[in-house]
Each structure stands twice: as C-alpha cells, then as structure tokens.
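Fold and geometry: a report
So the chains spell out like this:
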Amino acid sequence: MANIFRNIPSVNELLESPQLKKIVESVNHQVVVDGVRTFIDDLKETINNTTDDIEIPSPAEMADKIADWLHVEQREYLRPVINGTGIILHTGLGRAPLAKSAIAATMQIAGGYASVEVDLANGQRGQRVKAVEKLLCELTGAEAAVVVNNNAAATMIALASVASGKEVIVSRGQLIEIGGSYRLPDVMECSGCKLKEVGTTNKTHAADYSSAIGEETGAILKVHPSNFEVVGFTKTVSTKELVKIAHANDLPMIDDVGSGALIDFAKFGLSNEPVVRDSIQAGADIVLFSGDKLIGGPQCGIIIGKRKYIDQVLENPLMRAMRVDKMTLAALAATLRLYRKQETAEQEVPILRMLSMPEANLKLRAEKVIQQIQGGSWLASCEVTQSQSMLGGGSLPTQKIPTWCVMISPQGSSVNRIAERLRASNPAIIGRVQKDKLLIDMRTVFPEQDMVLVELLQALDGQDSAQQPS
Ligand SMILES: *Cc1c(COP(=O)(O)O)cnc(C)c1O
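From a predicted model like this one, the values you see are computed outputs, not experimental measurements.

Take the overall build of the protein chain next. The helix and strand inventory of the protein chain stands at 20 helices and 16 strands. Oriented by its inertia axes, the alpha-carbon framework of the protein chain measures out at about 85 × 50 × 50 Å. Expressed as a percentage of the 470 residues in the protein chain, the buried residues total 48%. Partitioning the intrachain contacts of the protein chain with sequence separation of at least 6 by distance along the chain shows that 75% fall at a separation of at least 24. Total accessible area on the protein chain stands at roughly 23300 Å², and carbon and sulfur atoms take up 50% of it. Across the protein chain, the mean location of the 48 positive side-chain charges is 6 Å away from that of the 55 negative side-chain charges.

So, about the confidence of the model for the protein chain. When pLDDT is averaged along the protein chain, the result is 92; 96% of the residues meet or exceed 70. Within the model, the stretch residues 464-470 combines pLDDT values under 50 with eleven contacts to residues more than four positions away or in other chains.

With that settled, the discussion passes to the site of the ligand. Contacts to the ligand come from 13 residues, most closely from Arg95, Ser226, Asp256, Ser290 and Lys293. Contact between the ligand and Asn151: an oxygen atom at 3.0 Å from a main-chain N or O atom of the residue. One of the backbone nitrogen or oxygen atoms of Ala152 is found 2.9 Å away from an oxygen atom of the ligand. Expressed as a share of its isolated accessible area of 380 Å², the protein-covered part of the ligand is 95%. Among the elements of the structure, helix 8 (151-163) and strand 9 (253-258) are those that each provide at least two residues to the shell around the ligand. Among the residues forming the shell around the ligand, the class breakdown is four nonpolar, six polar and three charged.

The final tally for this structure, using the stated rule, is 19 salt bridges. Where Glu177 meets Arg183, a salt bridge forms, and the shortest distance between an N and an O atom there is 2.5 Å. A relative accessible area of 37% places Glu177 in the partly exposed class. Here Arg183 falls in the partly exposed class, since its relative accessible area comes to 41%. A salt bridge links Glu367 to Lys363; the nearest nitrogen and oxygen atoms lie 3.9 Å apart. Note that Glu367 and Lys363 are positioned in helix 18 (residues 359-373) at a spacing of four residues, about one turn of the helix. When its relative accessible area of 29% is taken as the criterion, Lys363 is described as partly exposed.

Right, let's talk about the sheet that holds strand 7 (residues 194-198) for a bit. Pairing in this open sheet of seven strands is mixed, and the strands run 3-11-10-9-8-4-7 from one edge to the other. Strand pairing shows two members of the sheet lacking a second neighbour, strand 3 (144-148) and strand 7, which therefore form its edges. The mean angle between the axes of side-by-side strands here comes to 25°, regardless of whether they run parallel or antiparallel. Bridging between strand 10 (residues 286-290) and strand 11 (residues 301-305) involves five bridges; their strand directions are antiparallel. Paired with Leu288 across the strands is Ile303, a residue of strand 11. Lying on the sheet, helix 7 (residues 130-140) is in contact with strand 3 and strand 11; it crosses strand 3 at an angle near 120°.

Here we come to the packing of aromatic side chains. According to the stated counting rule, one finds two aromatic pairs in the structure shown. Ring centres of Phe39 and Trp69 lie 5.9 Å apart, and the angle between their planes is 65°; this geometry places the pair in the edge-to-face category. With Phe39 in helix 4 (residues 29-48) and Trp69 in helix 5 (residues 59-73), this pair connects stretches of sequence that are 30 residues apart. Taking the relative accessible area as the measure of exposure, Phe39 reaches 10% and is therefore buried. Measuring from centroid to centroid gives 5.3 Å for Phe265 and Phe268, while their planes differ by 45°, and the two rings are tilted. Above the ring of Trp404, the side-chain terminus of Lys363 is found at 5.0 Å from the ring centroid.

Burial analysis of strand 10 places five of its five residues in the buried class, which makes it a mostly covered element. For the crossover from strand 9 across helix 12 (residues 276-281) to strand 10, the handedness is right-handed.

Moving on: the nonpolar core. Grouped together as the largest cluster of nonpolar side chains are 90 residues, with contacts concentrated most on Ile303 and Ile304. Looking at which element gives the most residues to this core, the answer is helix 8, with seven residues. Residues from two domains meet in this core; each of domain 2 (81-91 + 355-467) and domain 3 (100-348) gives at least three. With near-sequence residues (within four places) excluded, Ile303 lies in contact with Ala144, Ala145, Val146, Val148, Ala154, Ile157, Ile286, Val287, Leu288, Ile310 and Val313. Counting 27 residues, the second largest nonpolar core, distinct from the first, contains Met357, Ala366, Val415 and Leu453.

The next subject is helix 7. Every buried residue belonging to helix 7 is among Val132, Glu133, Leu135, Leu136, Cys137, Leu139 and Thr140, and all of these are buried. Buried residues belonging to helix 7 abut strand 3, helix 12, strand 11, helix 13 (307-315) and helix 15 (326-338). At the exit of helix 7 stands Gly141, carrying a positive phi of roughly 85°.

Time to look at the environment of Leu391. Mapped onto the elements, Leu391 comes out in strand 12 (residues 379-392). On the basis of relative accessibility, which here comes to 0%, the residue Leu391 falls in the buried class. Separated by 121 residues in sequence, Leu391 and Leu270 place their C-alpha atoms 9.3 Å apart.

Looking at where Ser17 falls in the secondary structure, it is placed in the loop between helix 2 (11-15) and helix 3 (18-26). Ser17 gets classed as buried once you look at its relative accessible area, which sits at 11%. Polar contacts involving the side chain of Ser17 include one to the main-chain carbonyl oxygen of Leu14, which spans 2.8 Å.

It is the contact of helix 3 with helix 5, at a shortest axis distance of 8 Å, that shows an interaxial angle of 30°. In terms of axis orientation, helix 3 runs roughly parallel to helix 5. Residues Gln19, Leu20 and Ile23 of helix 3 form the contact with helix 5, whose participating residues are Ala60, Ala63, Asp64, Ile66, Ala67 and Leu70. Looking at the contact of helix 3 with helix 5, its residues break down into seven nonpolar, one polar and one charged.

Scoring rules and cut-offs
Residues numbered from 1 in each chain as written. Predicted model: local features only at pLDDT ≥ 70, side-chain atom pairs only at ≥ 80, totals over all residues. Heavy atoms only, no water. Helix = DSSP H or I, 4+ residues; strand = E, 2+ residues; numbered from the N terminus. Buried < 20%, exposed > 50% of the residue type's maximum accessible area, 1.4 Å probe, protein only. Contact = heavy atoms within 4.5 Å. Areas by Shrake-Rupley, 256 points an atom, 1.4 Å probe, with all protein chains shown as cover. Lys, Arg positive; Asp, Glu negative; His and termini not counted. Charge placed at Lys NZ, Arg CZ, Asp CG, Glu CD. pLDDT = per-residue confidence, 0-100. Near = heavy atom within 4 Å. Polar contact = N/O pair within 3.5 Å; in protein donor to acceptor, adjacent residues only side chain to side chain. Nonpolar A, V, L, I, M, F, W, Y, C, P; charged D, E, K, R; others polar. Salt bridge = Lys/Arg side-chain N within 4 Å of Asp/Glu carboxyl O. Pairing = 2+ DSSP bridges. Axes fitted to C-alpha atoms, helices over the stretch in contact; angles between N-to-C directions. Phe/Tyr/Trp six-rings, centres within 6.5 Å; stacked < 30°, edge-to-face > 60°. Lys NZ or Arg CZ within 6 Å of the ring centre and 35° of its normal. Right-handed = clockwise from strand over helix to strand, strands pointing away. Core = buried A, V, L, I, M, F, W, Y, C linked by side-chain atoms within 4.5 Å. Domains from an automatic or database assignment. Parallel < 35°, antiparallel > 145°, perpendicular 65-115°, else oblique.

What follows is the structure, given as structure tokens:
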C-alpha cells in the first residue's frame with residue numbers, strides 16, 4: 001500500500017506540467033494548487049477505501065485529469081440554458097426571456113451612468129419610478145405606480161404601508177402558497193399586519209367580509225389563486241363588490257392579481273387571468289403584480305393605484321430595501337413600451353410569441369431536428385410526439401397548451417445520464433424526462449436555437465461517456 005502512495009506525483013511536479021501551467025496563467029496560482037491537492041487527497045482516499053488494484057496514472061495523465069476537473073470546477077454556476085421543458089415561465093430558469101428592445105435598453109444603460117434619480121428637464125433630484133410610471137399608468141389606467149424587487153416585496157410593502165399593525169381581511173380560499181417560499185400568511189406576518197381570515201375554502205360571501213370589519217381593520221385584500229383552481233360549488237366576491245364594502249368603511253381595497261396580464265390572454269387560449277386594467281376600473285385602490293410573468297419583462301413587483309396610497313408606499317423606509325436598479329428599470333420601460341400597441345407586443349415579447357406559435361410550425365421544427373440527429377450511436381430511437389406545454393411561474397396550472405416535442409430514447413446509457421450530459425453542454429439543454437424518454441418541447445426553444453440544439457445533440461455521438469472525476 002505504502003508503495004502505491006510513493007507512485008503519486010508531488011504537487012510541485014504536477015504544477016510543472018504544461019496543462020496546469022497554462023491554467024495558472026488565467027486563474028490564481030492558489031486555486032490551482034488547492035485543486036491539485038484536493039485531487040491528490042481524493043485519489044489517496046479512493047486507494048484507501050478499495051481492495052481493488054489501482055493503477056496510478058502517469059504524471060502527464062494526472063495533470064490532464066486535474067486540468068479537466070479544474071475546468072469543470074471553474075465553470076460559471078449561472079449559465080445560459082436552452083429550455084426544452086415546455087414550461088414558458090420556468091422560475092428555475094429565470095422566468096420570462098426579455099424582448100430584443102429590452103435587452104438593448106438594458107445593455108445601453110448597464111455600462112454607463114443614467115438619469116436614474118435625476119430629472120434631466122431641470123437637473124433636480126427625481127424619483128427612479130419616473131422611468132416607468134407614465135407607461136404603467138397609461139397601460140392600466142392607474143393614477144400612480146411604483147416598482148420593487150418582486151411581487152412578494154410588493155405585497156409586503158403595500159400592506160406595511162397602509163395597514164401596519166392592523167387586520168387585513170382575506171378569504172380562506174385565497175391564502176395561497178406559490179413555489180414553496182411564498183406563503184401569503186407568512187408575507188402578511190412579515191409586513192406587521194394581522195391576517196383576518198373569512199369565509200371557507202370554496203365559498204366566501206360579501207357578508208363574510210362586511211361582518212369581519214371592525215375597529216382593527218386596515219384593508220381588504222383579494223388574491224388571485226394563480227396556481228390552483230377550486231371547482232364545484234364555489235363563490236368568490238368580485239373586486240367591484242369588495243371595493244364597495246371597503247370604501248363604505250373608509251378602507252383601501254388591495255388586489256394581488258399575480259401574473260399581471262396587460263392584455264386579454266383568452267386569445268392565446270388561456271382564460272381566467274385577470275387583466276390589470278379591469279381591476280383598476282373596478283375601483284381597486286392598490287393593484288399588485290409581477291413584472292416577469294405574463295408581461296414578459298424583468299423580475300420586479302409592480303404596485304399601481306391611487307396616488308394617496310402609492311405615496312405612502314414611496315415614503316415607507318422599506319422602499320429603500322426593495323428598490324430596483326437601473327437595469328431593471330430600463331428593461332421594464334422597454335418591455336412596457338411594446339404594449340402601447342398590442343400587435344407589437346405580440347410580435348416582440350418572447351413569451352407571447354411562444355404562446356402563439358402554431359402547432360404545425362412546432363411539429364415541422366421537431367421533424368427537422370430529428371432528421372439531423374437520426375442515426376446517432378447513442379440513440380435507440382427518436383421521433384416527434386404531441387404533448388402539452390405549460391405556462392408555469394405559478395400561473396394557470398390547469399391550462400395546458402398543445403405542443404410538439406422531440407422524443408429521444410437513448411441506448412448505451414440511461415435517460416438520466418443523457419439528461420446530465422445535456423445539462424453539462426454549453427449552452428446547457430434542459431428537457432423533460434418522462435419514464436425512459438427525454439422530451440424536448442419545441443415551444444420553449446427559440447427557433448434561432450434549433451441549429452445549436454442539433455449540434456449539441458450530435459455532439460453526444462461518440463463522445464466519451466465516461467464519468468468526469470468528481
Ligand atoms: C407569482 C405570484 C406572487 C409572487 O410573485 P413574485 O414576483 O414571484 O414574488 C404573489 N401573488 C400571486 C397571486 C402570484 O401569482
């Protein structure tokens with residue numbers, strides 16, 4: 001055993017190898033030294049834990065392995081992904097991809113200085129929300145607007161600004177959890193408000209709200225149940241009715257509409273998504289929604305409504321903790337500008353384009369991909385299949401969108417191993433594993449990515465499928 005250890009090259013010997021010397025040129029010397037040490041330690045541990053004969057690689061082979069391993073270790077954690085999951089607003093993949101004009105605006109602002117809090121008309125101090133407020137008001141009919149980090153932040157700061165220390169009335173049918181980390185009761189507690197539940201899971205009546213109002217009440221909150229549906233005998237109270245009840249008692253009515261549809265999504269075959277303008281029209285005092293769901297913009301939370309309440313939000317010290325940066329403002333402004341004409345938005349906003357992509361088109365693209373990868377030695381078979389895309393991002397889970405996928409059955413390695421190798425490619429590819437098949441849903445793949453997708457799939461052919469040292 002001791003003899004074997006003597007055959008392992010020294011750290012210094014390995015550092016002299018051309019492969020590792022080259023890496024030292026681009027990264028810190030210490031990083032490479034640590035990498036070499038870790039690799040040697042792992043090797044020694046493997047030797048200690050096995051009864052098999054282990055052949056110690058030559059110093060050159062070892063240097064190669066360490067260089068490969070360092071290469072993997074040094075790779076960015078955040079990398080571009082080709083989304084083959086069919087989930088259009090995939091929170092794990094960053095939700096909405098931005099429109100070209102939003103990307104251009106962000107790039108232009110990112111590398112320099114910008115009039116974030118300077119009013120260029122008079123040189124005085126300005127408010128950062130001015131970059132988007134006018135557009136938001138124009139598109140929704142609201143009096144005023146403000147933007148924070150996301151809708152969770154929007155909910156928290158809105159409640160803390162208008163109803164801190166007071167009770168906020170919510171229907172038991174609307175106490176939602178979204179994506180595990182967002183639970184309305186918890187957000188409410190953080191905002192310093194007391195949750196006052198009314199009604200039942202399936203039915204809440206106007207009288208339930210009215211009779212819950214008392215000295216302690218600070219607001220009425222309505223929440224769109226974005227990610228579930230109650231069917232059967234149900235009753236909810238409309239925004240308009242809630243506004244009536246709230247105003248009769250001098251209370252603000254807050255409407256969390258969630259996805260923030262600026263246009264009617266019924267034309268994309270998706271019903272039940274509240275349109276922001278309708279909520280303002282119904283008289284809601286504060287309306288809350290995300291920027292990176294159905295708007296297709298950057299991550300942010302948008303708060304619109306009556307001037308009086310928006311000013312209270314702006315004055316809240318939490319505002320400083322939740323404010324958005326210049327890149328978010330630039331991307332949001334550019335995205336909103338597209339909605340000034342619905343046809344423009346439909347053509348330019350990627351998620352709207354994905355939603356309206358005809359099935360025949362998706363099928364054709366899937367067939368083309370298959371033509372080019374067929375015959376690969378890693379493939380048992382490969383065919384087009386009809387499936388269903390989803391909106392995702394906690395939106396409309398029950399509404400499925402018909403789509404076409406490339407369906408791959410691998411041979412020689414498991415479907416999970418293929419999925420793993422595709423995640424390691426650059427850009428990474430993430431599909432949908434369904435039993436022993438890998439599906440790539442063409443709806444969420446950009447047409448301009450089809451060639452890259454083909455090349456990366458072709459590259460699996462003949463590629464050494466041996467495990468990377470880990
Ligand atoms: C998605 C959603 C949220 C959370 O929004 P984030 O922007 O992810 O913080 C809150 N409320 C509703 C109704 C939602 O749909």
